[in-house]
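Residue-level listing of the chains:
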Protein chains: 4
Amino acid sequence: MQLYALFMHKIPVGVLGASGYAGRELCSLIGRHPGLDLAFATANERSGEQIRLNGRSIQLIRTESAPLDSAALVFSSLPHGHSAAWVKKILDAGAKAVDLSSDLRPGHTEQQIVYGLTECRRAEVAEADVVANPGCYPTAILLALLPLLECGDVASGATISVSAASGTTGAGSTARTDLLFSEVTGDFRAYGVGNNHRHLPEMREFVRGTGSDAELLFTPHLLPVARGILATITVPLRRNIADPLALWKERYSGEPFIEVTESLPALRDVAHRNVVRMTAIKASGISTPTLVVLSAIDNLVKGAAGQALQNANLMLGLDEAEGLPH
Amino acid sequence: MQLYALFMHKIPVGVLGASGYAGRELCSLIGRHPGLDLAFATANERSGEQIRLNGRSIQLIRTESAPLDSAALVFSSLPHGHSAAWVKKILDAGAKAVDLSSDLRPGHTEQQIVYGLTECRRAEVAEADVVANPGCYPTAILLALLPLLECGDVASGATISVSAASGTTGAGSTARTDLLFSEVTGDFRAYGVGNNHRHLPEMREFVRGTGSDAELLFTPHLLPVARGILATITVPLRRNIADPLALWKERYSGEPFIEVTESLPALRDVAHRNVVRMTAIKASGISTPTLVVLSAIDNLVKGAAGQALQNANLMLGLDEAEGLPH
Amino acid sequence: MQLYALFMHKIPVGVLGASGYAGRELCSLIGRHPGLDLAFATANERSGEQIRLNGRSIQLIRTESAPLDSAALVFSSLPHGHSAAWVKKILDAGAKAVDLSSDLRPGHTEQQIVYGLTECRRAEVAEADVVANPGCYPTAILLALLPLLECGDVASGATISVSAASGTTGAGSTARTDLLFSEVTGDFRAYGVGNNHRHLPEMREFVRGTGSDAELLFTPHLLPVARGILATITVPLRRNIADPLALWKERYSGEPFIEVTESLPALRDVAHRNVVRMTAIKASGISTPTLVVLSAIDNLVKGAAGQALQNANLMLGLDEAEGLPH
Amino acid sequence: MQLYALFMHKIPVGVLGASGYAGRELCSLIGRHPGLDLAFATANERSGEQIRLNGRSIQLIRTESAPLDSAALVFSSLPHGHSAAWVKKILDAGAKAVDLSSDLRPGHTEQQIVYGLTECRRAEVAEADVVANPGCYPTAILLALLPLLECGDVASGATISVSAASGTTGAGSTARTDLLFSEVTGDFRAYGVGNNHRHLPEMREFVRGTGSDAELLFTPHLLPVARGILATITVPLRRNIADPLALWKERYSGEPFIEVTESLPALRDVAHRNVVRMTAIKASGISTPTLVVLSAIDNLVKGAAGQALQNANLMLGLDEAEGLPH
């Protein structure tokens, strides 16, 4: 694969499901990537339409017409439940695959698929033929929790309470009356309350995998903004930590896409960027030592298309940061 | 006081600090109240300007010119730190007072002032000469927690984690660059993280007053909406509760301004209305029995001016619900 | 009909098509109207659901089940093309009708139906059995132009250029991808450019009816707000007018729902109110005497449900302003 | 100057007034420009603060401390009225200057300064030591009108009616109560009505310079969006034009930053891009042949910082499109 790069040829990649918000973001990022070439993009309901990528046009085709073997790697942004079968076809055609659906994530399949939370699976991703790209909420939440889970200072049996809010692109591009501008503007509401969100299985598996016995209580909300996720996480600790931020800074030292800050992360800081921005603050005035951890991402970039491309870069032997906005 | 009502005369009331969002909302509500007459409204920086109330004009005057003794009751929406001294002058002038600032709330003063969380202080409010009107966040949070605190089923020593989000009118009407439309649109961020919000003292005092030893961990956020607060509260329980909503329904049975619902409360449901809308849902998949309690209010109505008027109605011997939108 | 009012009974009215934004606004206004009682409300796709009106519940039924003869007057908010036939059934059942669709408006039918632009058809409306309620844009534009058209000072053969912008509720409550929050927020665009909007026929007929030979060039735009219309109208004049605003003030003197102001009207001023707020300003620095006329309405109130109720009040012998927010 | 580029050195440039929205956008664009290096950036009220540019930090200094002679070219984003004097100092220090204020634009000064509407002043800009960068509204409006003005088909003595709407960043970053999120969200209003906007002088001078005797009637509006301008322009013609769009396509053939489209331009299409997107449509149903011309820009990019950089590229002998997002 490295030969492509060596001879300054661009590596051909494909996108299945290019009409949703994540698929469109992915095409747009690929269009600006110096080392990749979009060989094809599929979107059944919009097949025949042209999309413009950095000054060039490409025609959308139907998924069943995708020339899978013309690509070195294919991204699948197909809907949950429909994606896994196409990932198999991609592999059969000799290409690598990054699956943006939940089909192959931990908690959703018995298969042992590499979970592409890049900053803690870098080596596995680089070796993988197929990667399950994490969900948007899990990306924001798990990368923020990771330093704490790894250091073992979460209180035993603790409930980690996660209140998170997402922009509307996280709910997809299908016409729904409850997502009309007239309904969403001026509003704010929770959904999936009581641990009923479909991103919980992959988060639970991941937490368990770190050896922690902490449990998650996750409440997502819908924000009147187009893009972005902010997660507000309260974590009871086994003992006080003198300088909590040092933990994050050390764990993520040198990471190009992790920003550990003294200031409070906000959606504005991360829009259109492939980063997780995070901080941790000690709660005062309560007897249980507790941290409030905050993290912000762009749900379409680091929460979907950007992280998918970050994983693809590793899988294709390219520089991990190539073509990614930060 | 009841004589006013008896003879169908309107009761004269005044407003100190009528230029902020809460003060304006108050004037507007008084203008539509069938039993009250706005005798005067003060706003130092805008004195001389006319405001229109339900088809009638009234001229704003300076606070030091307020004819306090012409009113049966005076609302103070003066800034925190400046209000307590004026409340004293109001009382000295022979009028009753409702203070919308934090000056006289529990945790802010040694004085024993009635805390006007109407639904749990109704009798005291009706007898009071002065009432400290609760903050907007405390109104949403404490009324939602009350049934649970009273029943004693909160786990001993529990941390109650409150993630709440407010519209921008909650941050006041003073020109600040961080509150410009250009900055707030598309954004979402936390503030006062780690239990640093000025509404904590009154909430802590109230929780303690119920006999509970639970502690609050409160994280407020700024929403890109003009009005509304949604509070998302996780409460660890001593034991499982079979039908949690029944607890709320029973406690608030017959309350005109409390809506206990099966559906999830949203800002849209409560805009421009003097209500708290709330629900409670059991968390699944975790070992500690835990409830997620959600409540929504309009921060300017039930969270400020509406509740102030509700208290004033009681203090003046009027029907508690008179002139209030629900 | 007046007997209802005389004996303090409420007059029964019905609503066909209660699930769209205008229909819902209408039900809500009827629920707060002191003299009207909502006898039935229909919505085929939501039949069986309950709607709440001022503390009371009413069940939506299918349109074909509507007991038309139980109402003194029926509002039709059925879609364009489907409404006219139901208006006939309403009249056959012995009730009066207000049609909010475009079916019976001038330019859309050969029938001579009273066009319910209340402020210039008051007497005809009061005598009518059926009234065609004006479109939202025509209400804002025609009432703003009326004083000028009547005085004859518009330049002969002039093009009146109207640039208007509407909130998204004007585009209806049907799920459409181009009306999703994700698409509309941060955007602004024109539509129906080149005189292609379906509200032009009724506006042209009206202008012609005033004896003017002026022609309209109308460009509507979609705003990222939920409700409101602002029309910006440039009118070339036959001659200079010394004090243009005097023209408007005189024409609309005493009108409860017209606000002629020195200040520039804004959407904020008219939200949730049954008013048209307008001003007129002379253009400086150009040789053709020209006025810029601005008007603002709430498209769901004065632009739809509010004006329908205003007309219904007249048709039922009630006070024209009863139950209308201003 | 070209030597810098030849030896792959970056050309040093400076920014005066880097704290406003245009100044910040400029610094951000310079940070990503492959051929430019930000030598200094000034902001009196924020001097001492660090700004981050593409992974590098630079400290803001006071304007009077700016080492003007260290730069090959200096951009001035200082306030109107304060900028001209600094442009003189820049030139005295031996650097070239691009002035983003209105101080040196036509209609504001007697000096003959090149007006940097790049697409019609390319040669003059390339030779200039100082360029007056056009206002945001003039950029959107004049580039859209140019093909029509040049072809001479605008009706003699015509009034060109321009209704335009801008996002809030166009109003600057100073704290003003009328620009608070609480005030702007849900609102839409006109300002400067009757030809009172400060951008008119440069637009009038430009139109006159094309030999046209047409007059402008300009009505700007404030939109509840952060960035973008849409101009809706009605132009009475001398005679019918069979294929109006052909005129625009021919005039702007090969232009990298002009998009002539069949579809209607929208703010979404141009956000964060250095382009003007435009179309022209014939009005139907009126007797005067009339075109509706629409154009959209990002007010901070093509309307300010982007066009300034486009001009600077020409002045510095670089590729005009270098470092510009399109």
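Note that residues are indexed from 1 along each chain, following the sequence as it is written. All chains are assigned letters beginning with A, and all ligands numbers beginning with 1, in the order in which they are written. pLDDT decides what is reported in this predicted model: residues at 70 or higher carry local features, side-chain atom pairs at 80 or more are listed and counted, and totals for whole chains, interfaces and linings draw on all residues regardless. Derived side-chain values reflect all non-hydrogen atoms in the structure, with water molecules and hydrogen atoms excluded from consideration.

## Some details on the overall build of chain A
Secondary structure elements follow DSSP: runs of H or I no shorter than four residues count as helices, runs of E no shorter than two count as strands, and numbering proceeds from the N terminus. When helices and strands are counted, chain A shows 10 helices and 15 strands. Over its C-alpha trace chain A gives a radius of gyration of 20 Å, about what one expects of a compact globule, namely 20 Å for 326 residues. If you line up chain A on its principal axes, its C-alpha atoms span 60 × 50 × 35 Å. The buried label goes to any residue with under 20% of its type's maximum accessible area, the exposed label to any with over 50%, and the partly exposed label to all in between, with areas taken from a 1.4 Å probe on protein chains only. Scored against the burial criterion, the 326 residues of chain A give a buried share of 60%. Pairs at least 24 apart in sequence give 69% of the contacts found in chain A among residues at least 6 apart. We compute the radius of gyration over the C-alpha atoms and compare it with the globule rule, which gives 2.2 Å times the number of residues raised to the power 0.38. Residues are treated as being in contact if the distance between any of their heavy atoms lies within 4.5 Å.

## What to know about the sheet that holds strand β12 (residues 229-236) of chain A
Strand pairing in a sheet is mediated by backbone hydrogen bonds. Such pairs are either parallel or antiparallel. Residue and element names in this part refer to chain A. Being paired, for any two strands, means DSSP has found at least two bridges between them. Taken together, 7 strands build an open sheet; the order of strands is β10-β11-β9-β12-β15-β14-β13 and the sheet is mixed. Bordering the open sheet on either side are β10 (189-190) and β13 (258-260), each of which pairs with just one other strand. Sheet analysis places β12 next to strand β15 (residues 290-297), joined by 8 bridges and oriented antiparallel. The partner of I229 across the bridge, within β15, is I297. Of the strands in this sheet, β9 (159-166), β11 (215-222), β12, β13, β14 (276-282) and β15 are in contact with helix α5 (residues 136-151), which crosses β12 at around 35°. Fitted lines through C-alpha atoms serve as axes, helices being fitted only where they are in contact, and the angles separating the N-to-C directions of these axes extend from 0 to 180 degrees.

## Digging into the packing of helix α2 (residues 21-32) of chain C against helix α10 (residues 301-315) of chain C
Residues and elements named next belong to chain C. Interhelical geometry of α2 versus α10 gives an angle of 45° and a closest axis separation of 9 Å. Between α2 and α10, the angle falls in the class oblique. Handedness of the crossing formed by α2 with α10: right-handed. Contacts from A22, E25, L26, L29 and I30 in α2 reach V301, A304, A305, G306, A308 and L309 in α10. Lys, Arg, Asp and Glu make up the charged group, whereas Ala, Val, Leu, Ile, Met, Phe, Trp, Tyr, Cys and Pro make up the nonpolar group; the residues left over, Gly among them, are polar. When the residues that make up the contact of α2 with α10 are grouped by side-chain class, the tally is 9 nonpolar, 1 polar and 1 charged. Any angle from 65 to 115 degrees is called roughly perpendicular, while one under 35 is roughly parallel, one over 145 is roughly antiparallel, and all others are oblique. Left-handed describes a crossing whose near helix is turned anticlockwise from the far helix through less than a right angle; right-handed describes the clockwise counterpart.

## Quick look at the interface of chain B and chain A
Each partner contributes residues to the interface: chain B has 46 residues there, and chain A has 46 residues. Counting each side, the surface lost to burial between chain B and chain A is near 3400 Å², with a carbon and sulfur contribution of 57%. Salt bridge, as applied in this entry: a Lys or Arg side-chain nitrogen positioned within 4 Å of an Asp or Glu carboxyl oxygen. Scanning the region where chain B abuts chain A turns up 0 salt bridges. For the side of chain B that touches chain A, the secondary structure elements donating two or more residues are β9 (159-166), α6 (181-184), β10 (189-190), β11 (215-222), β12 (229-236), α9 (267-270), β14 (276-282) and β15 (290-297) of chain B. With 5 residues, the top contributor of residues to the side of chain B that touches chain A is β11 of chain B. Of the residues assigned to the side of chain B that touches chain A, the class counts are 21 nonpolar, 18 polar and 7 charged. Summed over both partners, the accessible area lost on bringing two parts together, with a 1.4 Å probe, is the buried area.

## Some remarks on the packing of helix α5 (residues 136-151) of chain B against helix α8 (residues 244-251) of chain B
Residues and elements named next belong to chain B. Two numbers describe how α5 lies on α8: the axes approach to 9 Å, and their chain directions differ by 100°. Judged by the inter-axis angle, α5 sits roughly perpendicular to α8. Counting all contacts with α5, which are made through A144, L146, P147, L148, E150 and C151, the residues of α8 involved are L247, W248 and R251. Residue composition of the contact of α5 with α8, by class: 7 nonpolar, no polar and 2 charged.

## What to know about the side chain of S77 of chain C
Residues and elements named next belong to chain C. Within the secondary structure, S77 sits in the loop between β5 (73-76) and α3 (83-92). Among the residues examined, S77 registers a relative accessible area of 18% and is labelled buried. With sequence-adjacent residues up to four places away left out, S77 is seen in contact with L16, G17, A22, G23, L26 and L100.

## A word on the interface of chain D and chain C
Facing the 46 residues of chain D at the interface are 46 residues of chain C. Summed over both sides, the interface between chain D and chain C buries roughly 3400 Å², with carbon and sulfur atoms accounting for 57% of that surface. If you sort the residues of chain D by the area they bury against chain C, F188, V193 and R268 of chain D come out on top, with a joint share of 17%. Secondary-structure elements contributing two or more residues to the side of chain D that touches chain C are β9 (159-166), α6 (181-184), β10 (189-190), β11 (215-222), β12 (229-236), α9 (267-270), β14 (276-282) and β15 (290-297) of chain D. Looking at which element gives the most residues to the side of chain D that touches chain C, the answer is β11 of chain D, with 5 residues. Of the residues contributing to the side of chain D that touches chain C, the split by class is 21 nonpolar, 18 polar and 7 charged.

## Let's talk about the relation of the copies chain B and chain A
For the pair chain B and chain A, the superposition axis carries a translation of 0.0 Å, the fit reaches an RMSD of 0.0 Å, and the rotation angle comes to 180°. These values place the two chain copies in the arrangement generated by a two-fold rotation axis. In superposing the copies, a least-squares fit is computed on C-alpha atoms, taking residues whose pLDDT is at least 70 in both.

## Things to note about the relation of the copies chain D and chain C
With an axial shift of 0.0 Å and an RMSD of 0.0 Å, the rotation relating chain D to chain C amounts to 180°. Counting the interface residues of chain D, we find that 100% of their copies in chain C are interface residues as well, pointing to one common contact surface.

## Structural notes on the confidence of the model for chain A
Of the residues in chain A, 98% have a pLDDT of 70 or more, and the chain-wide mean is 95. Residue-level confidence of the predictor is summarised by pLDDT, bounded by 0 at the bottom and 100 at the top. Here residues 1-6 of chain A is a poorly scored stretch, pLDDT under 50, and it has 10 contacts once near neighbours within four places are set aside; other chains count.

## Quick look at the packing of aromatic side chains
Pairs were defined over the aromatic rings of Phe, Tyr and Trp, the Trp ring being its six-membered one, requiring ring centres within 6.5 Å. Orientation was assigned from the angle between planes: stacked under 30 degrees, edge-to-face over 60, tilted for the rest. Counting across every chain of the model gives 12 aromatic pairs over all chains. With centroids separated by 5.3 Å and ring planes inclined at 5°, the aromatic side chains of F181 of chain A and F181 of chain C adopt a geometry described as stacked. Separated into two different chains, F181 of chain A in helix α6 (residues 181-184) and F181 of chain C in helix α6 (residues 181-184) make up a pair that spans both. Classification of F181 of chain A by relative accessible area gives buried; the value is 2%. Relative to F218 of chain B, the ring of Y137 of chain B has its centre 5.1 Å away and its plane inclined at 70°; by these criteria the two rings are edge-to-face. With Y137 of chain B in helix α5 and F218 of chain B in strand β11, this pair connects stretches of sequence that are 81 residues apart. An identical accessibility class is assigned to Y137 of chain B and F218 of chain B; each is buried. Sitting over the face of the ring of W86 of chain C, K89 of chain C holds its NZ or CZ atom 4.0 Å from the ring centroid. By definition here, charges over rings are those cases where NZ of Lys or CZ of Arg is within 6 Å of the ring centre and within 35 degrees of the ring normal.

## A look at the pairing of strand β1 (residues 11-16) of chain D
Residues and elements named next belong to chain D. Of all the 6 residues making up β1, 6 are buried; the element is thus mostly covered by neighbouring parts of the structure. What you see with β1 is no split at all: I11, V13 and V15 on one side and P12, G14 and L16 on the other are buried throughout. Summarising the sheet, β1 and strand β2 (residues 36-42) pair through 6 bridges and their orientation is parallel. Counterpart to G14 in the pairing with β2 is F40. With helix α2 (residues 21-32) bridging β1 and the parallel β2, this β-α-β connection has right-handed handedness. Summarising the sheet, β1 and strand β5 (residues 73-76) pair through 4 bridges and their orientation is parallel. What sits directly across from L16, in β5, is S76. Convention used here: a crossover is right-handed provided that the path from the first strand, over the helix, to the second strand proceeds clockwise when the strands point away from the viewer.

## Topic: the side chain of S212 of chain D
All names here are of chain D. Of note, S212 is situated in the loop between α7 (200-209) and β11. Reaching out from S212, the side chain makes a polar contact with the backbone nitrogen of A214 at a distance of 3.0 Å. Not counting the four nearest positions on each side in its chain, S212 is found in contact with L149 and V207. Throughout this description, a polar contact denotes any pair of N or O atoms lying within 3.5 Å of each other; where both atoms belong to protein, one of them has to be capable of donating a hydrogen while the other can accept it, and for residues adjacent in sequence the pair is counted only when both atoms sit in side chains.

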